[in-house]
Structures are given as C-alpha cells and as structure tokens.
Amino acid sequence: MRSSEELNSVQGWGYDWLEIRPGRSPTLTAILATARSKALNEGVGLGHEELVQVLSLPEEEIPALLELAHETRVRWCGEEVEVEGIVSLKTGGCPEDCHFCSQSGLFESPVRSVWLDIEKLVEAAKHTAKTGATEFCIVAAVKGPDERLMKQLESAVAAIHADVDIQVAASVGTLNAEQAHRLAKAGIHRYNHNLETARSFFPQVVTTHTWEERRETLERVREEGMEVCSGGIVGMGESLEQRAEFAVQLAEVEPKEVPMNFLDPRPGTPFEGYPLMDSRDALRAVGAFRLAMPHTTLRFAGGRELTLGAQGTEQGLLGGINAMIVGNYLTTLGRPMEEDIDMMGRLSLPIKALNSAV
C-alpha cells in the first residue's frame, strides 16, 4: 500500500498549489458560478447532474471549488468546528458482510469480538471531553442491538452523563421503533446509521441487508426526536455518477451530520486490495458534498490520514468540512487528538462549545 506522501507527490503533485489566499479571485467555470448562486447565496444544494460536473472539475479548478465550499459552510453553518471522539462498546464479530469492514465475523480479519465495560466507557468519555470535544459516540459492531446491548448502552449513557459534561451519540445498527424510543429516552441526542454509498451501488458493498433497511432506521430515529447522522465511504469503486447520487440521497434524508470516510482497505476484507482514493478526487468529493448540503455538519472521519495526509486534512477544513472525529477510529489508528486540536488552532478554527448537557 502506498503512503499518503507517495500518493500526494505522484507526478510532482503536492498541496502547495492548493493554498487558499485571501482576496484571490479565480476565474470560475460555469458550474462553480451556478454553485455560487445556489449553494452559497440561496443555501440550496446542487442536484445530481450539477454534482457530477463538480466531481469532474479539472485539477486547476480545485482551489476555487474548495474556496467556494468554505464560504458556503461559513455562511450557513458558521465558523466553528465540532470535535467528536468515538469508542467501540462491542468490536468485531458482526454478522453482516459490509465488504469494507474488518469487524465482520464472515471474513478472515484480524479483528475479533471484544466488549468494553461501562467504567472504561466513562473513562474514555472523560478523556474525550478533556480535548475540548463536545460529543462522544458509542459504537457497536452488530446488525442491531439485542436486549443485553440495549441495557448496557442505557446504563453507559446514564453513567457518562453523571460524570462527564458531554453529549452522547450512538451507532448500534438497525433499530426497531421500540429500540429507537428507548435510546431517545436514555438521552442519546444523535444516532448514526450510515447509508454507506449510493443506493445503486449498495449491492456491490453489502449483501446481507438492504439500503432501504438503513433508510427505515433513520426515519425511526427522526420520529423519536434524535438528530440524524448518516454518511458513508467514498472511494469504494463507485462511479462519479454514483458518488453524486450518494450525495443527493444523503441530502434527501436531511441529516444533521454526515460523516465522510475514505476507503482504508483492511486486511482480510473483500476490499483488501483496493487502491486508495486519489487525493484530488477526495478533495473534489469534499467540495461536492458541501455544495450538495450547505446546512449540514460535514465531518471528517476514517481514512483521511491515508488519503489526504495532514496537509490535505487542513485543506478539507478550509474547503467545506466543519467537524472531525479525533483520536482513533473503531479498528484503525487516527492521529493523536492533540495534533488535530493544535492543527485547528493554527488554522484559527474555533472549536464548537457544548451548548447543553443532555
């Protein structure tokens, strides 16, 4: 596997040309002029064909795209960046066959089933809060929660709220109506259930459940008053048309937050040998997703370290991203939390303060 440094220096391409200079007036292509009118001025997301054009922009137009995406997110979301830490309550042993995921029990992956106790979850939440993060997300590798997991999650949320001033989110798979109600009552303020990819591409990624099942869980979450969080992974072999389709379908869900992951091919999974997404395509995708969803929290998640590197991450934060997962991910290492917090300080990006304790 090539490193991010190698990927970003191929054919002499680096990040220096991407520096966004105040007062610079690039010559916009027609699609960026349209995007300025719709997304920036009116707060209306671009449609499918427009997003395909954005994703197809020539390399020399990427700086203008990122600058426009940044202006759009500042106008409609503000300047603050939301920081979140995540921890896995149950890791590995999942019965689903998501082809990108090393937590599936169906693949010969090095990840094996592990449970965390509530005391460790509370300590992880405390550590996350000390970094300035406003949200702590509890995740479990399951198709959906059984009664044991539901009770443990309810107890964990109560224990965290008793000791830590932080909002608690969760991601524990498909929910029925009764489970959604219980999690809302327990104090989960935001629920994550990723659509993962475009509806038309989903069967190439998952075969043990449907895209429609995921969409139904999001509707149950919304009905219970929890914030909807749904995103997915780009760079899994989807076409530009399907990438644009994915952005439009996410916009239709009207999520409060969209986690944006880039494929990190994991050993033992069907996608093990897939190449990393080209850094330029990743930045085009960041800009396109912002222009598709001007009002949404767009969060950097897994794979950014490999696909974009430190400099590319900075460009994303100045190109439409307004939230980050800091620290490690579920089965892969991220950058140390302190490095990301320092980076935001260098970029003069204020961290969003906690508005209320749930």
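What counts and how
Residues numbered from 1 in each chain as written. Predicted model: local features only at pLDDT ≥ 70, side-chain atom pairs only at ≥ 80, totals over all residues. Heavy atoms only, no water. UniProt positions renumbered as here; feature names shortened; annotations may be inferred. Phe/Tyr/Trp six-rings, centres within 6.5 Å; stacked < 30°, edge-to-face > 60°. Helix = DSSP H or I, 4+ residues; strand = E, 2+ residues; numbered from the N terminus. Buried < 20%, exposed > 50% of the residue type's maximum accessible area, 1.4 Å probe, protein only. Disulfide = S-S within 2.5 Å. Core = buried A, V, L, I, M, F, W, Y, C linked by side-chain atoms within 4.5 Å. Contact = heavy atoms within 4.5 Å.

In the nomenclature of an unreviewed UniProt entry, the protein chain is known as Biotin synthase of Corynebacterium lowii. What UniProt records for the protein chain under Catalytic activity (unreviewed entry) is the sentence "(4R,5S)-dethiobiotin + (sulfur carrier)-SH + 2 reduced [2Fe-2S]-[ferredoxin] + 2 S-adenosyl-L-methionine = (sulfur carrier)-H + biotin + 2 5'-deoxyadenosine + 2 L-methionine + 2 oxidized [2Fe-2S]-[ferredoxin]". In its Function (unreviewed entry) section, the UniProt entry covering the protein chain states "Catalyzes the conversion of dethiobiotin (DTB) to biotin by the insertion of a sulfur atom into dethiobiotin via a radical-based mechanism."

Any details on the packing of aromatic side chains? Residues and values, ideally.
Counted according to the given criterion, the structure contains three aromatic pairs. Where Phe246 meets Phe289, the ring centres are 5.9 Å apart and the plane angle is 75°; that geometry is what we call edge-to-face. Of the two residues, Phe246 is situated in helix α9 (residues 240–253) and Phe289 in helix α10 (residues 279–292); the sequence distance between them amounts to 43 residues. Across this residue pair, the class does not change: Phe246 and Phe289 are buried.

Let's hear about the state of the cysteines: which residues, and what values?
Under the criterion given, the structure shown has zero disulfides. Considering cysteine sulfurs only, Cys101 is the nearest to Cys98, which forms no disulfide, with 6.1 Å between them. Its relative accessible area of 10% is what places Cys98 among the buried residues.

Describe the nonpolar core, naming the residues involved and giving the relevant values.
Counting residues in each nonpolar core, the largest one holds 85 residues, and the members touching the most others are Ile160, Val172, Leu183, Phe262 and Phe289. Leave out the neighbours within four places in its chain, and Leu183 touches Met150, Leu153, Val172, Leu175, Ile188, Tyr191 and Met226.

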